[in-house]
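Residue strings, one per chain:
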Amino acid sequence: MKKLLLTGIAFALLLSVNAQTETKQMKGNPELVSSEEALKELAEQEKGSYKYAVEDYFKRPSQSSFQFSPDGKYVSYKQREEDGKNHVYIKNTETDQISMAIEEKEELVRGYGWANENRLIYIMDKGGDENYHLFAIDLDGKNQVELTPFDGVKVNITNSLKEQKDYMIISMNKDNPQVFEPYKINIQTAEIEKLYNNDDPANPISGYDFDKDGNLKAYTKQQNGTEYVMYYRTSPTAEFKPVMQTSWKDNFYIIRFDYTTDNPHDAYVMSNLNSNTNEIVLYDFEKNKEIKKIYSNETFDVGGMSVSRNRGFETDYYYYNGKKYHMVPVSETAKKLHEKFERQFGDKEFNVSSKTDEEDKYLIYVTSDKLYGKYFIYNAIEDTFKEILNLMPQLKEEDMAEMRPIKFESRDGLAIYGYLTIPNTVKDGNKVPMIVNPHGGPYGPRDSWGFNPETQLFASRGYATLQVNYRGSGGYGKEFSMAGNKQIGRKMLNDLEDAVAYAKTLNMIDEEKVAIYGGSYGGSATLGSLVKTPDLYTCGVDYVGVSNLFTFFKSFPPYWKPYLEQVYEQWYDENDPEDQKIMKEVSPALNVDKITKPLFVVQGANDPRVNIDESDQVVENLRARGMKTPYMVKYDEGHGFGKEENRIDLYKAMMGFFASNLK
């Protein structure tokens, strides 16, 4: 199983706090929160007339999340209503009859999908707390069942069980909040059966591998906090035996079992044990040996593979994310389709987001750096394409900005990749302000090429955006990932500084007007940069960012606790005196006196990853020094804002903040 990478996701309106506020019902210190009036005044700092409003970039599409039913008789989608709710509708592909299947009420429908031809599943949490509950419902909106009605429990979907249409396999931390155990659940009756006990919290099972028939064939168990052992059994009655031991620094996990051979123990495995980058290998678990290497790339980690269940699980293509997304077709069917799609969509990126079980209809999502996205149906029988929706028709491609892949060398010789979104106002040698936008994580995630509503909004206001896949980011191999160990607040920030220096050599950036903004770890990097290099940046926006590593470690949800030893090796060890010194140096909340530039802080009150205290600390300390620090808190959000009205409020205030500091 893939190793866990720990990352850095009440009231709908911000409140003007007064003596009558029931502060005991609010998380954090509500007296620190800026009033609605103050935030409205901040938003109004953006003057002028623009072709596109903030809403044009962040209002949810009228329709989205299209999926075929397995038999192709229906297509489902989310539809945005005037009140901002996104209900799920079902359209009969033969009669065009439309009906609502899932009604979104107070809580967001965080995701949905087809369980079988007649039933949908979906997940919701409470106010962004990430304790997801699983629901099932018939296509006509009847027979709704909450499958996991357990408070404080998080559910993950493990296997869909296509051959057992009324069942699926999930995992939950129901019996112990620190560990997840697998269950087989009936999506009609909600009857559940535990399939295996994860009864050693000190050395928990971190992942389970089931075959297509729902047989548990392997699991990966953590030991000593930083080691992983994969166990495998050759039959449902056989004993599980260890087959591979690795550290958290290595990858060795099953992608899928190979059903094209007579050997039921052959599986496709993602591994970097014999390479720097993740590669796909075919492995025989009965003999416990690698059969052959299937696909690899010298520079970028392989992302995965796709097979055709309809054609006996034949491999269709491999894919990886380099400077752009790359798909490598393998089967003759996939090669023909790929060539056909390339002719149809030109230089746009495309991927099959859904297809029928018979593979007679394909739902294709087409996008680029300037196109938010369009859906097309390809009818393989008739060999025809039909555009069914432009997700953001109000955003014209010709008005959008270019996102340019970049590569430069860090001060210590690492090849660093990233992206620069360039406003259309850059011409004739004029220079524009720039916003550095570090991604979250920090370990594992990365930025990618494609349409980004944030960077397009910034570009429309005349700001370039610099996104940097600093050391530790995912997708660039083991050596690059390990180069980020214990570099939070140190070399990771150096990479951002080196990226700014590189961008300035392009002769399009106003060197006196460089801001920094990020969410989650990106928020921490924002704070850390304002501490470490106060003269480099003009201002910053911290969005749900970690500010104090000591308090951050203490606020981990229970299911992160088994991975503390990995955190201590990858981040810092709060029990080690030398690491404690570094933690004090790189925790922005403990060095607020070094922040001299304007800062805007944003937080979700229900954030289970970055407790609201992380933001309160910074705001309180800055205010104590007499700095005017606007502070936005949404009491119905968690690790990032999911509700449309909250996202729009955020970006309006952010645009006002940037306008008052960069223009």
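Residues numbered from 1 in each chain as written. Predicted model: local features only at pLDDT ≥ 70, side-chain atom pairs only at ≥ 80, totals over all residues. Heavy atoms only, no water.

Caption draft 1: Broad picture of the sheet that holds strand β14 (residues 216–223). Ordered in space as β13-β14-β15-β16, the four strands form an open sheet in which the pairing is antiparallel. For this open sheet the edge positions go to β13 (205–210) and β16 (241–247), each flanked by a neighbour on one side alone. The sheet shows a mean angle of 20 degrees between the axes of neighbouring strands, direction not considered. Pairing geometry for strand β15 (residues 227–232) and β16, over six bridges, is antiparallel. Pairing of V229 across the sheet is with Q245, part of β16. (Pairing = 2+ DSSP bridges. Helix = DSSP H or I, 4+ residues; strand = E, 2+ residues; numbered from the N terminus. Axes fitted to C-alpha atoms, helices over the stretch in contact; angles between N-to-C directions.)

Caption draft 2: Local environment of the side chain of D138. When you line up the elements, D138 lands in strand β7 (residues 133–138). Of the polar contacts made by the side chain of D138, one reaches the side chain of R119; its length is 2.7 Å. Those residues in contact with D138 that sit more than four places away from it in its chain are A101, N118, R119 and N143. (Polar contact = N/O pair within 3.5 Å; in protein donor to acceptor, adjacent residues only side chain to side chain. Contact = heavy atoms within 4.5 Å.)

Caption draft 3: Expanded view of the sheet that holds strand β6 (residues 119–124). With respect to topology, four strands assemble into an open sheet ordered β5-β6-β7-β8, the strand pairing being antiparallel. With one partner strand each, in any of the chains shown, β5 (111–116) and β8 (145–146) form the two edges of the open sheet. When β6 meets β7, the two strands line up antiparallel, connected through six bridges. Paired with R119 across the strands is D138, a residue of β7.

Caption draft 4: Quick look at the packing of helix α6 (residues 491–504) against helix α7 (residues 521–532). For the pair α6 and α7, interaxial distance at closest approach is 10 Å and the crossing angle is 80 degrees. Classified by the interaxial angle, the pair formed by α6 and α7 is roughly perpendicular. Here M492, L493, N494, L496 and E497 of α6 come into contact with α7, specifically with Y521, A525, G528, S529 and K532. When its residues are assigned to classes, the contact of α6 with α7 shows five nonpolar, three polar and two charged. (Parallel < 35°, antiparallel > 145°, perpendicular 65-115°, else oblique. Nonpolar A, V, L, I, M, F, W, Y, C, P; charged D, E, K, R; others polar.)

Caption draft 5: Region of interest: helix α4 (residues 453–460). Counting buried positions along α4 gives seven out of eight residues, so the element sits mostly inside the fold. Those residues of α4 not exposed but buried are P453, E454, T455, Q456, L457, F458 and A459. If you check the start of α4, you find a side-chain oxygen 2.9 Å away from the backbone N of E454, and it comes from N452. Positioned one or two residues after α4, G462 has a phi angle of 95 degrees, which is positive. (Buried < 20%, exposed > 50% of the residue type's maximum accessible area, 1.4 Å probe, protein only.)

Caption draft 6: View of unusual backbone geometry. Residue P442 follows G441 across a cis peptide bond; omega there is 0 degrees. The residue P442 is located in the loop between β30 (432–436) and α4 in this model. Positioned with a positive phi, E130 is a non-glycine residue whose angle comes to about 65 degrees. The buried category is assigned to E130, whose relative accessible area is 4%. Despite not being glycine, N224 shows a phi value in the positive range, around 60 degrees. Judged by its relative accessible area of 57%, N224 falls in the exposed class.

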